[in-house]
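Residue strings, one per chain:
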Amino acid sequence: MIFLSKEGGDPYINMFAQGCNRPITNTDNFNYDDNNDPIVLRGILKKKRIHRCWNEGRTFYYMDTGYFGNEVTDSNPNGWKYWHRIVKNNLQHTEVKKRPDDRFRHFNKKFQPWKKDGRKILIAKPDDKPMRFYDYDLDLWLKNTIETIKKFTDRPVEVRDRAAKRADRIFHSTLQEALDDDVFALVTFNSNAATESIFHGIPVFTLAPANAAAPMGLQDLSLIETPKYPSTDELYQWACHLSYGQFHISELKNGKAMEMLLNE
């Protein structure tokens, strides 16, 4: 495997390479055509390399922030990013597989009951990076999404901008607070806000080609008045599946992450 580390300094790629006893490759020195080994890369701005892998059938492993475990809790009061997802040949885990519940139980997370009495549609506005990855114009996407929603409901539509600084997102004006403010359903693109919303009891509509919450939500805005409310069993199996697709930094460093990926 080729572990692509931006300027040799990506800490999570470097941890993962360490756990696999493999060298890192500085992105500046990487020549795609040198061989056909699988590539490990992190971040959605690796657009050209990911699309080329898709087009040519080359295996890659995509790393990014985990789905849960990085929120502010008693055991993680600063909301540090301890958990990172690793996805084979995609950006998100979009297909639910049957998994044991041992890893999910570790988080002690609970699903709140579905809330069905809210009034508003909340749009979790993505930032520009994923839109550029999929060749979408952010402003046009937002305009079209609002217009489509209003074709099928008279509910008020509110847009939540993504705070630039993570600290502002997790300590001030949090998504959970926004969801508690009379929200009926959440609409987003690829954002992890959809996963958080489901745990919070608010149904979701996910519009990106890949979103981990897609199996637990809908993608057709014409159904905005009739969201999907998965059963407790469905939600639990989904969460167990996601917990097997993300890894603690200690698992990156000790080789367990790669061991689990290879044994899928």
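Residues numbered from 1 in each chain as written. Predicted model: local features only at pLDDT ≥ 70, side-chain atom pairs only at ≥ 80, totals over all residues. Heavy atoms only, no water.

Novice: Just to check I follow, could you spell out the packing of aromatic side chains for this structure?
Specialist: Given two aromatic rings, their pairing is described by the distance between the two centres and the angle made by the two planes. Applying the stated rule across the entire model yields 19 aromatic pairs. Ring geometry for F104 versus F111: centroids 6.4 Å apart, planes at 35°, classification tilted. Relative accessible area serves as the criterion here: at 2%, F104 is assigned to the buried category. Cluster of aromatic residues (ring-pair linked, three or more members): F68, W83, F104, F107, F111, F199, Y236 and W238. The ring of F184 carries R155 above its face, with NZ or CZ at 3.7 Å from the centroid. (Phe/Tyr/Trp six-rings, centres within 6.5 Å; stacked < 30°, edge-to-face > 60°. Buried < 20%, exposed > 50% of the residue type's maximum accessible area, 1.4 Å probe, protein only. Lys NZ or Arg CZ within 6 Å of the ring centre and 35° of its normal.)

Novice: What is the right way to read unusual backbone geometry from this model?
Specialist: For residues besides glycine, phi is generally negative; the peptide bonds are generally trans as well. For N21, which is not glycine, the phi dihedral falls at a positive 55°. On the basis of relative accessible area, N21 is assigned to the exposed category, the value being 71%. The backbone of N108 sits at a positive phi, close to 55°, despite the residue not being glycine. Structurally, the position occupied by N108 is in the loop between α3 (102-105) and β6 (120-124). For N108, a relative accessible area of 60% corresponds to the exposed category. (Helix = DSSP H or I, 4+ residues; strand = E, 2+ residues; numbered from the N terminus.)

Novice: Help me understand the sheet that holds strand β2 (residues 24-26) in this model?
Specialist: Whether parallel or antiparallel, the strands of a sheet pair through hydrogen bonds between backbone atoms. Pairing is mixed across the open sheet formed by six strands, whose spatial order is β2-β1-β3-β4-β5-β10. Among the strands making up the open sheet, the edge pair consists of β2 and β10 (246-248). Across this sheet, the average inter-strand angle for adjacent strands is 30°, counted without regard to direction. Bridge count between strand β3 (residues 39-42) and strand β4 (residues 60-65): four bridges; the pairing is parallel. (Pairing = 2+ DSSP bridges. Axes fitted to C-alpha atoms, helices over the stretch in contact; angles between N-to-C directions.)

Novice: I tried to follow the nonpolar core on my own but got confused; where do I start?
Specialist: Here is a general trend for soluble globular proteins: nonpolar side chains tend to be buried in one another's company. With 31 residues, the main nonpolar core has I39 and V187 as its most contacted residues. Listing elements by their share of this core, those giving two or more residues are β1 (2-5), β3, α2 (47-56), β4, β6, α4 (128-133), α5 (138-152) and β8 (183-188). Top contributing element to this core by residue count: α5, with four residues. If we ignore the near neighbours within four places in the chain, the residues touching V187 are I121, L122, I123, A124, T145, I149, F205, L207, L221 and I224. F104, V183, A194 and A213 belong to the second largest nonpolar core, which has 27 residues in total. (Core = buried A, V, L, I, M, F, W, Y, C linked by side-chain atoms within 4.5 Å. Contact = heavy atoms within 4.5 Å.)

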